[in-house]
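# Fold and contact review
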Amino acid sequence: MKKLTLLLLVGIAVLGGGVFLLMNKGKKTASTTPSPTLKPKLSLPINQIPAAERPFVMLEPTPAREVVMTIGDLQKKAESVDYELQYSAGDKEEAAIGSIDFGRGKSPYVKTVLLGSKSGGGKITYHENVTGGSLVLTFYNANYKLSNEWSYVDNKKPQTSFASRDGKFQIETGKLFKGSAYVIVFNNPGLPGSLEKTVLAGPYSIAGTTSMQDGKVKVSLRLSDAKPAVIMAWTGKEWKSYPTKVDGKSATAEVDFAKTYVAVEK
């Protein structure tokens, strides 16, 4: 009986020792396994770099409730950008998050963002009553951060005028957006082309789901200073100026329809 008890105790000790060794072996293996190198999340001040050094960005809607983001005219070299397209959908706050590697492809860089979610099986759920929000861009290597507001308009019942989210830009378009299901007004972070003038308002961009139409529109911009100003439009190739009426900090002009507008010091 004593021998049996002794054998049982020895067996338990051996078994316990084996378990201990296996556990420690597992710990040692886990501790020596190299961890993947993650891109550091930068804590940067927002909109601190001069406007002349910021990229020109376009946000354009599609009929499929997507936003096409185009980044071009990079004034400061960057390796990549993280984007966060934040927006209100009814009483909820949503965001589409991703990144673009500038080492792949050529400028302009294009990303299509779904205003909704997609399951592993491919089922799409659209977010309803989207009104817009902010686009936050963090540029790596160059290490700067931008945040700009955008307004998303359901235009199935066609509107004849649109405004920016901050209320500092209004545009009367008449029937130019009649066939456009959705319209985006965006407080653009940067300027396309070359514009060696002091900016007093903007730039603001507007785009619909249909191709750009020719026609006259009325544009109003809230100026940062009560100074003589001129409203200019980007034709896609150059900046064009228009006779402008200034009343205090309000500048108004009848202009050709374009996708981007700015007010500069006269």
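### Observations regarding unusual backbone geometry
- Residue Ser107 is joined to Pro108 through a cis peptide bond whose omega torsion reads 0 degrees.
- Mapped onto the elements of the fold, Pro108 is located in the loop between strand S4 (92-101) and strand S5 (109-114).
- Here Gly202 and Pro203 are connected by a cis peptide whose omega angle stands at 5 degrees.
- Along the chain, Pro203 falls in strand S13 (residues 199-208).
- Look at Asn47: it is not a glycine, yet its phi comes out positive at around 55 degrees.
- Mapped onto the elements, Asn47 comes out in the loop between helix H1 (2-32) and strand S1 (56-61).
- You can call Asn47 partly exposed: its relative accessible area is 27%.
- Even without a glycine there, the phi angle at Asn129 is positive, about 55 degrees.

### Some words on the pairing of strand S12 (residues 182-187)
- Counting buried positions along S12 yields six of six residues, so the element is predominantly enclosed.
- Of the two faces of S12, the one lined by Tyr182, Ile184 and Phe186 and the one lined by Val183, Val185 and Asn187 are each fully buried.
- Sheet topology places strand S9 (residues 144-154) next to S12; five bridges connect them, and they run antiparallel. Bridge pairing in S12 places Tyr152 opposite Ile184.
- As judged from the five bridges shared by S12 and S13, these two strands associate in the antiparallel manner. Looking at the pairing, Ile184 lines up with Ala207 of S13.

Rules used in this analysis
- Residues numbered from 1 in each chain as written.
- Predicted model: local features only at pLDDT ≥ 70, side-chain atom pairs only at ≥ 80, totals over all residues.
- Heavy atoms only, no water.
- Helix = DSSP H or I, 4+ residues; strand = E, 2+ residues; numbered from the N terminus.
- Buried < 20%, exposed > 50% of the residue type's maximum accessible area, 1.4 Å probe, protein only.
- Pairing = 2+ DSSP bridges.

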